[in-house]
Amino acid sequence: MNLRERVNTALKQAMKDKDAARLATLRLINAAIKDQDIARRGGDGDQGVDDTDILAILGKMTKQRQESVRAYEEGGRLDLAERERQEIAVIGEFLPRQLNDKETEAAIDAAIAEVGAGSIRDMGKIMGRLKEQYTGQMDFGAVGPRIKDKLS
């Protein structure tokens, strides 16, 4: 079952369970996927987004909510921060397991070796390779500085 089907199945189950908070988050996920489908329609293929694109959408949604949690906590709105955490948990159900530090380092080393990188100029190739293989499994904002350190 692909990610789109998993989200739709979870959405239907949330409706049956009358779980309003979960249902709202699943609807947000579905809307984000459909927005990307619509954005892609202008091209020749006319196909929707695939699982890799959906993982990227979910990763972006998670990152937005993490930033919101920080802002709400700083503003003293703990109730809103908790709601954002609940949304992160629902979105996280559809994301693959995050790589730990050791696995991330191994993935970076492997990508550097595959690309044959020798300088900082090859960083784009390395990031492209990592995004191909590990979308949704690592924070690419944190990976960039690690790659720079290894190439310097």
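See the structure above.
In short, a report on the structure.

Reading the values: rules and limits
- Residues numbered from 1 in each chain as written.
- Predicted model: local features only at pLDDT ≥ 70, side-chain atom pairs only at ≥ 80, totals over all residues.
- Heavy atoms only, no water.
- Core = buried A, V, L, I, M, F, W, Y, C linked by side-chain atoms within 4.5 Å.
- Buried < 20%, exposed > 50% of the residue type's maximum accessible area, 1.4 Å probe, protein only.
- Helix = DSSP H or I, 4+ residues; strand = E, 2+ residues; numbered from the N terminus.
- Contact = heavy atoms within 4.5 Å.
- Salt bridge = Lys/Arg side-chain N within 4 Å of Asp/Glu carboxyl O.
- Expected span 1.5 Å × (residues − 1).

## A closer look at the nonpolar core
For soluble globular proteins, the rule of thumb is that nonpolar side chains tend to be buried together. Counting residues in hydrophobic clusters, the biggest one holds 20 residues, and the most contacted among them are Leu26, Ile29, Leu58, Met61 and Phe94. Contributions of two or more residues to this core are made by α1 (3-17), α2 (20-40), α3 (51-74) and α4 (78-92). With residues up to four places along the chain from it excluded, the contact list for Met61 reads Leu28, Ile29, Ala32 and Ile91. By size, the runner-up hydrophobic cluster in this structure holds 15 residues, among which are Ala107, Ile112, Ile126 and Ile147.

## Here's the deal with the pattern of salt bridges
Tallied over the entire structure, the rule returns 14 salt bridges. Here Glu114 and Arg129 are joined by a salt bridge, their closest N and O atoms 2.6 Å apart. Separated by 15 residues along the polypeptide, Glu114 in helix α5 (residues 101-115) and Arg129 in helix α6 (residues 123-134) bring together distant segments of the chain. Take Glu114: its relative accessible area is 42%, and that puts it in the partly exposed class. Residues joined by salt bridges that share partners form a network here, namely Asp101, Glu105, Asp109, Arg146 and Lys150.

## Quick word on α3
If you check α3, its first and last C-alpha atoms are 35 Å apart, about what 24 residues at 1.5 Å a residue would give, namely 34 Å. All of the buried residues in α3 are Ile54, Leu55, Ile57, Leu58, Met61, Thr62, Arg65 and Val69. Contact partners of the buried residues in α3: α1, α2 and α4. Looking one or two places after α3, you find Gly76, whose phi comes out positive at around 80 degrees.

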